[in-house]
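An overview of the molecular structure
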Amino acid sequence: MRGLADIATIDFWRPDSIDQVAVDIDVDFRVGVKDIAKIQDLLDESGLEYEVLIEDLQPMIEQQLDNKERSATQHSYIKYNDMDTINAWITSTVARNSNFMSLTEIGTSYEGRPIYAIKIGAKTGRSKPAIFMDCGIHAREWISPAFCQWFVQEAIGTYGSDPTMTNILDTMDFLVVPVINVDGYSYTWSNNRMWRKTRSRKPGSNCRGVDPNRNWDAGWCTVGASSNPCAETYCGPQVESEKEVQAIANFIRLHKKSIKAYLTIHSYSQMCLFPYSYTYDLASNHNELNKIAKGAINTLASLYGTQYTYGPGATTIYLAAGGSDDWAYDLGIKYSFTFELRDTGRYGFMLPESQIKPTCEETMLAIKYIANYVTNNLY
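Residues numbered from 1 in each chain as written. Predicted model: local features only at pLDDT ≥ 70, side-chain atom pairs only at ≥ 80, totals over all residues. Heavy atoms only, no water.

**A closer look at the overall build of the chain**
Counting its secondary structure elements, the chain contains eleven helices and ten strands. Taken over the C-alpha trace, the chain has a radius of gyration of 20 Å; the compact-globule value for 379 residues is 21 Å, and the two agree within 12%. Dimensions of the chain along its principal axes, counting C-alpha atoms only, are 65 × 50 × 45 Å. Burial statistics for the chain: of 379 residues in total, 57% are counted as buried. Nonlocal contacts in the chain, meaning residues at least 24 apart in sequence, comprise 73% of its contacts between residues at least 6 apart. Within the structure as shown, the chain displays about 16000 Å² of accessible surface, and the carbon and sulfur contribution to it stands at 48%. Charge-centre separation for the chain: the mean point of 35 positive side chains lies 8 Å from the mean point of 45 negative side chains. (Helix = DSSP H or I, 4+ residues; strand = E, 2+ residues; numbered from the N terminus. Rg over C-alpha atoms; globule rule 2.2 N^0.38 Å. Buried < 20%, exposed > 50% of the residue type's maximum accessible area, 1.4 Å probe, protein only. Contact = heavy atoms within 4.5 Å. Areas by Shrake-Rupley, 256 points an atom, 1.4 Å probe, with all protein chains shown as cover. Lys, Arg positive; Asp, Glu negative; His and termini not counted. Charge placed at Lys NZ, Arg CZ, Asp CG, Glu CD.)

Shown next as structure tokens:
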């Protein structure tokens, strides 16, 4: 397996890098056409079982946008929207629902794009506890921002008719960042669908970007992260080197007293993870987090039967330092969860638009389960 590391065109999808490959786990990776024969020879020599899931990625990239009624500029909850369309949707949605929502530009990206946080909740005239949720930290995980948009629409649309959502939003606020990695996400639409990192430049390197989920002050750059600027899991030259990470971290620190839960949405693998990922040590409230995660994935499965696994990141998926969920937990936010949405590898990052609706519907059940638990266990 180690010989794979020397092949430049290998792009690890799951896990994120060759360093995280372990015994008895499934590994998904993409390889350039010129190296296919070399890869097959290596795999055959090693005696590893393998299967080609995607023969040719380009047609799948084109087929991913399979919503027959799609328009390039019109926003839709059942299609993938580009950054400009998402930003226009953010501002218009908040303006239409100003009695229930507010908007804060919490920072700007390396390339100068705004990063928005949407506050959703019944206005009571008093300070309320909050749940923070972000999407789109890795650029190519398109289903993630799609879920944040779905959540906002669902929260507004079901308040007053859904007793659970009504109680949550009467008691708490949701703080939602629809896309953290705004530069990277834009780049996946314009240049490279498989781009993962930010788009920052570092002196002395021709390789761009940092993995924004290895850039937090949580065991930073110790395990499951790379100090090589060209690596997909590059941790950055220092903690919070990325403007996008700084923006989120500063906002959460500012509202630390009110934020009771942290939720971050990724893809893919169908998992509900909680701290820790940078160490095998268990969280102080491990049993409670485990119970919540189990309840959340059981609720999720009740709609379409989609099976999730759950547990601490380090043992459930792999060791990875510098993640946002561990950072939030260490900051004192004791309910901290990472969701890896559909699927388990058939489409990977290419999840078709036709799966947005069922994915978001089932994920909504899990998020409401966690939010309801937090609401009922505030004090």
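On we go.
**Side note on helix 6 (residues 182–190)**
Most of helix 6 sits out of view: seven of its nine residues are buried. When we look at burial in helix 6, the residues that qualify are V182, D183, G184, Y185, S186, Y187 and T188.

**Side note on the side chain of T93**
Take T93: it is sitting in helix 3 (residues 83–96). Of the residues examined, T93 reaches a relative accessible area of 2% and is grouped as buried. Once residues lying within four places of it in the same chain are set aside, the contact partners of T93 are M101, V152 and I156.

**A look at the packing of aromatic side chains**
Summed over the entire model, instances satisfying the criterion amount to 17 aromatic pairs. Summarising the aromatic geometry, the rings of W142 and W189 are spaced 4.4 Å apart at their centres and angled 10° between planes, so their arrangement reads as stacked. With W142 in the loop between strand 5 (130–135) and helix 4 (143–158) and W189 in helix 6, the pair connects residues that are 47 residues apart, well separated along the chain. Between the aromatic rings of W216 and W327, the centroid separation amounts to 4.9 Å while the plane-to-plane angle is 50°, which identifies the pairing as tilted. Taken together, the positions of W216 in the loop between helix 6 and helix 7 (243–254) and W327 in helix 10 (residues 324–331) put the pair 111 residues apart, joining distant regions of the chain. (Phe/Tyr/Trp six-rings, centres within 6.5 Å; stacked < 30°, edge-to-face > 60°.)

**A closer look at the environment of I370**
Along the chain, I370 falls in helix 11 (residues 356–376). It is 37 Å that separates the C-alpha atoms of I370 and N191, two residues lying 179 residues apart in sequence. With near-sequence residues (within four places) excluded, I370 lies in contact with L263, I292, A296, F337 and F339.

**Side note on the sheet that holds strand 3 (residues 101–108)**
Pairing is mixed in the open sheet, where eight strands are placed in the order 3-4-6-5-7-10-8-9. Looking at the sheet topology across the chains shown, the edges are occupied by strand 3 and strand 9 (309–312). Within the sheet, the average angular offset between the axes of one strand and its neighbour, ignoring direction, is 20°. The sheet contacts of helix 8 (residues 286–304) involve strand 8 (271–274), strand 9 and strand 10 (335–341), and relative to strand 10 the element is tilted by about 35°. (Pairing = 2+ DSSP bridges. Axes fitted to C-alpha atoms, helices over the stretch in contact; angles between N-to-C directions.)

**Some thoughts on the pattern of salt bridges**
Enumeration according to the criterion identifies twelve salt bridges in this entry. E111 is paired through a salt bridge with R208; the nearest N and O atoms lie 3.4 Å apart. Of this pair, E111 sits in the loop between strand 3 and strand 4 (114–120) while R208 sits in the loop between helix 6 and helix 7, and the two are 97 residues apart along the sequence. Overall, E111 belongs to the partly exposed group, its relative accessible area being 38%. With a shortest N-O distance of 2.4 Å, K368 and D162 are connected by a salt bridge. Within this pair, whereas K368 is found in helix 11, its partner D162 is found in the loop between helix 4 and helix 5 (163–171), the two being separated by 206 residues in sequence. Each member of the pair, K368 together with D162, is buried. Look at the salt bridges and you will find they share partners, linking E111, R113, D183 and R208 into a network. (Salt bridge = Lys/Arg side-chain N within 4 Å of Asp/Glu carboxyl O.)

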